[in-house]
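Listed below, chain by chain, are the residues.
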Number of protein chains: 2
Amino acid sequence: MDDIDRALVLRLQQDAGQSYAALGTAVGLSAGATHERVRKLRERGVIRRTTIDVDPAAVGSGVLAYVMVDSNAWMGESGDDFAAIPEIQEAHIIAGSASVLVKVRTASTGQLQDVLRRLYAINGVSGTHATVVLETFFERPLPL
Amino acid sequence: MDDIDRALVLRLQQDAGQSYAALGTAVGLSAGATHERVRKLRERGVIRRTTIDVDPAAVGSGVLAYVMVDSNAWMGESGDDFAAIPEIQEAHIIAGSASVLVKVRTASTGQLQDVLRRLYAINGVSGTHATVVLETFFERPLPL
DNA sequence: TAGATTGCCGAATTATGTTCGGTCTGATGG
DNA sequence: CCATCAGACCGAACATAATTCGGCAATCTA
């Protein structure tokens, strides 16, 4: 994980579609060497996968909300319960007064309410506190 | 935006590196037609870009926290101020008691504290409430 | 219904991914 | 101090895939 690797990751975050030749030129390597570097970054798990960034509103997920989930039991083994709700994009165990924080995307506030209902159905969940996003300033890749 | 487009977006989210031939076979189209569909999805902004999914811990961002930012002024024009802090991965204006919610990734809790200090320096910011993530259950693409 | 438009197929062409032999460099250890 | 080894790179060859384009069929439009 040297400077060249970091530069490769940075550039691939910005555009994973460019050629190894272009990528190599940018960091001062041949296409072959670049290919090998990127292969190893994948192998080591630094790069998990290549994907596309989709406009949520364009695919029927125009409403974004964060939900703090309170519980009266240990939630450490409940990951699958949260994963079973497709509208949940992220779920984390947190320190602080709540136990779990989830990021939810739905088409409407009505569907958001339905997600809350399904959250309450999870074993141990005793309450929720939803925060609706009015406007997103930005969502961007990791710094390097 | 028909069923085929949705299938394409879904599959590209899972693996943006596969060939148009493979993608086309999966949805019942030729490589050429698939190429054209995907090109239009980009043109329309449904697909914003192709990128890589990076392991945060592998690039020095092992600490994740969400910070509720309180303010005593209208924050609607402060997007750039938040964007100027590179550790902030997301920033949203929210409904509720706080004004802004930001997602922060740092290498250590010490650096997290430094981000909080820089948040206080933003005009109008009157307080912060940080929630540290202990364990991430999952982070995944949008449902379709 | 004629004309225009759109979406698709399949093949030709161009560009890129991928592999490999050979070279160089720095580290190892005798 | 020198021989050996491992790792990384280059450049070229080969294999695949991206991209373009003519032609056809289905669907609108006037």
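Residues numbered from 1 in each chain as written. Chains lettered and ligands numbered in written order. Predicted model: local features only at pLDDT ≥ 70, side-chain atom pairs only at ≥ 80, totals over all residues.

> Before we go on, may I ask you to explain the relation of the copies chain A and chain B in this structure?
Think of it as a corkscrew move, a rotation about one axis and a shift along it, taking one chain copy to the other. It takes a turn of 180 degrees to lay chain A on chain B, together with a shift of 0.0 Å along the axis; the resulting RMSD is 0.0 Å. Here the transformation between the copies is reduced to the relation of a two-fold axis. The C-alpha atom lying nearest the rotation axis in chain A is that of A:Thr51; the distance is 2.7 Å. Comparing interface residues between copies, 100% of those in chain A also lie at the interface in chain B; the contact surface is shared. (Least-squares fit on C-alpha atoms with pLDDT ≥ 70 in both. Contact = placed C-beta atoms within 7 Å.)

> Would you take a moment to explain the interface of chain A and chain B for this structure?
Accessible area lost during the coming together of the parts is what is often quoted as the interface size. Contacts between the two partners involve 51 residues from chain A and, on the opposite side, 51 residues from chain B. Breaking the side of chain A that touches chain B down by element, the ones donating at least two residues are helix 1 (3-14), strand 1 (47-54), helix 4 (79-83), strand 3 (88-94), strand 4 (100-106) and strand 5 (125-139) of chain A. The dominant element in the side of chain A that touches chain B, judged by the number of residues it contributes, is strand 5 of chain A, at nine residues. Split into classes, the residues belonging to the side of chain A that touches chain B amount to 28 nonpolar, 12 polar and 11 charged. In this structure, strand 1 of chain A lies alongside strand 1 (residues 47-54) of chain B, joined through seven bridges in antiparallel fashion. (Helix = DSSP H or I, 4+ residues; strand = E, 2+ residues; numbered from the N terminus. Nonpolar A, V, L, I, M, F, W, Y, C, P; charged D, E, K, R; others polar. Pairing = 2+ DSSP bridges.)

> Mind showing me how you'd approach the protein's contact with DNA strand D here?
The immediate surroundings of DNA strand D are formed by 13 residues, with A:Ser30, A:Gly32, A:Ala33, B:Ser19 and B:Gly32 found nearest. Within the residue set of the surface near DNA strand D, elements represented by two or more residues are helix 3 (31-43) of chain A together with helix 2 (20-27) and helix 3 (31-43) of chain B. (Near = placed C-beta within 6 Å.)

> What am I meant to see in the packing of helix 1 (residues 3-14) of chain B against helix 3 of chain B here?
The angle between the axes and the distance between the axes are what describe a pair of packed helices. Residue and element names in this part refer to chain B. Two numbers describe how helix 1 lies on helix 3: the axes approach to 11 Å, and their chain directions differ by 80 degrees. When the interaxial angle is binned, helix 1 and helix 3 end up roughly perpendicular. Residues Ile4, Asp5, Leu8 and Val9 of helix 1 lie in contact with helix 3, whose contacting residues are Arg37, Val38 and Leu41. Here the residues of the contact of helix 1 with helix 3 sort into five nonpolar, no polar and two charged. (Axes fitted to C-alpha atoms, helices over the stretch in contact; angles between N-to-C directions. Parallel < 35°, antiparallel > 145°, perpendicular 65-115°, else oblique.)

> Teacher, can you tell me more about the protein's contact with DNA strand C here?
Taken together, 13 residues are adjacent to DNA strand C, and A:Ser19, A:Gly32, B:Ser30, B:Gly32 and B:Ala33 come closest. Put simply, the parts of the chain that give the surface near DNA strand C at least two residues each are helix 2 (20-27) and helix 3 of chain A together with helix 3 of chain B. In terms of residue count, the dominant contributor to the surface near DNA strand C is helix 3 of chain B (four residues). Here the residues of the surface near DNA strand C are counted per class, giving six nonpolar, five polar and two charged.

> Just checking my understanding: could you explain the pairing of strand 4 (residues 100-106) of chain B for this structure?
On any regular strand, side chains alternate: one points to one face of the sheet, the next to the other face. Residues and elements named next belong to chain B. Buried residues dominate strand 4, accounting for six of its seven residues. Looking at chain direction, strand 2 (residues 63-71) and strand 4 are connected through seven bridges and run antiparallel. Looking across to strand 4, one finds that Val69 is bridged to Val100. As judged from the five bridges shared by strand 3 (residues 88-94) and strand 4, these two strands associate in the antiparallel manner. Paired with Ala91 across the two strands is Val102, which belongs to strand 4. Counting the residues between successive antiparallel strands, the hairpin from strand 3 to strand 4 contains five residues, one of them, Gly96, with a positive phi of roughly 125 degrees. (Buried ≥ 20, exposed ≤ 12 C-beta atoms within 10 Å, placed from the backbone.)

Function cannot be read off these values alone, since they describe shape.
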